[in-house]
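Next come the chains, spelled out residue by residue.
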Amino acid sequence: MTDLITDQNMAGLLQHRLDEAHACYANGAHVAAIIMLGSLLEGVLVHVVHERDAFLLGRTSPGRVSLDSLIKTCHDAGWIGADVERFCHELRKYRNFVHPRAEIREAHAPDRDTLDMCWPVVNAVLNDLADSQPKAD
């Protein structure tokens, strides 16, 4: 995390979210793990946008920007690829299961296979962001 997020407190918090997702995975808490991964994704993207080019947030404060907007912004900036953008939106939809009505509306209960599809999305985001990181002079 510290390679992508310069704010050490935030990097530590996001690493903790990743650790919690692992703990949820190990204990069969699939929805909880997906929510943690979605939270991690949102935290990483908002801080990357804020640190690389806060102007891209427009008049929206970092605390009020949506995950949907963050995904699109990072793709438009060339920081994540089109494939990663598409799959991020799927993870975002599952992350929204934090709201029970969303899960009922989708009529789908995520299982281990669903969660297994979410991990590579997070890995791809982190890889793309690392690859697109501005080079130090």
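How each quantity is defined
Once a new chain begins, its residue numbering starts again from 1 and follows that chain's sequence as written. Given that this is a predicted model, residues contribute local features only at a pLDDT of at least 70 and side-chain atom pairs are listed and counted only at 80 or more, while totals for whole chains, interfaces and linings are drawn from all residues. Water and hydrogen atoms play no part in the side-chain values, which are based on all heavy atoms of the structure. Helix and strand definitions follow DSSP, with helices as H or I runs of at least four residues and strands as E runs of at least two, each counted in order from the N terminus. Note that the radius of gyration is over C-alpha atoms, with the globule rule given as 2.2 Å times the number of residues to the power 0.38. Burial classes: relative accessible area under 20% of the type maximum marks a residue as buried, over 50% as exposed, and values in between as partly exposed (1.4 Å probe, protein chains only). Contacts are residue-level and defined by heavy atoms, with any inter-residue pair within 4.5 Å sufficient. Each accessible area is a Shrake-Rupley estimate made with a 1.4 Å probe; only the visible protein chains count as cover when residues are assessed. We define the nonpolar core as a collection of buried residues of types Ala, Val, Leu, Ile, Met, Phe, Trp, Tyr and Cys that are connected through side-chain atoms lying within 4.5 Å of one another. We define a salt bridge as a contact between a side-chain nitrogen of Lys or Arg and a carboxyl oxygen of Asp or Glu at a distance within 4 Å.

S.K.: How do you make sense of the overall build of the chain when you look at a structure like this?
M.R.: A count of helices and strands for the chain gives 6 helices and 0 strands. Counted from the first residue to the last, the chain has its helices and strands arranged as α-α-α-α-α-α. Relative to the compact-globule value of 14 Å for 137 residues, the chain shows a C-alpha radius of gyration of 15 Å, a close match. For the chain, the C-alpha atoms occupy an extent of roughly 45 × 25 × 25 Å along the three principal directions. Considering the chain as a whole, with its 137 residues, one finds that 39% of them fall into the buried category. Considering only intrachain contacts with a sequence separation of at least 6, the fraction spanning at least 24 residues in the chain is 65%. Here the chain displays about 7800 Å² of accessible surface, and carbon together with sulfur accounts for 52% of that area.

S.K.: Looking at this model, I keep getting lost on the environment of V98. Mind explaining?
M.R.: Here V98 lies in the loop between α4 (82-95) and α5 (100-106). Judged by relative accessible area, which is 43%, V98 ranks as partly exposed. Separated by 64 residues in sequence, V98 and I34 have C-alpha atoms that sit 9.1 Å apart.

S.K.: How do you make sense of the nonpolar core when you look at a structure like this?
M.R.: One recurring pattern in soluble globular proteins is that nonpolar side chains are buried together. Ranked by internal contacts, the top residues of the largest apolar core, which has 38 residues, are M1, L37, V44, L45 and L129. When residues in this core are grouped by element, the largest group, 11 residues, is from helix α2 (residues 30-53). Those residues within four positions of M1 in sequence are excluded, and the remaining contacts are A11, L14, Q15, L18, L40, V44 and L126.

S.K.: Teacher, can you tell me more about the pattern of salt bridges here?
M.R.: By the definition in use, this model includes 4 salt bridges. Between E42 and R95 there is a salt bridge whose closest N-O contact spans 2.6 Å. A residue pair is termed long-range when its members are at least 10 positions apart, and E42 in helix α2 and R95 in helix α4 qualify at 53 residues. With a shortest N-O distance of 3.7 Å, D68 and R92 are connected by a salt bridge. Of this pair, D68 sits in helix α3 (residues 67-76) while R92 sits in helix α4, and the two are 24 residues apart along the sequence. For R92, a relative accessible area of 16% puts it in the buried group. Ionic contacts of the salt-bridge type, sharing partners, join the residues D68, K72 and R92 into one network.

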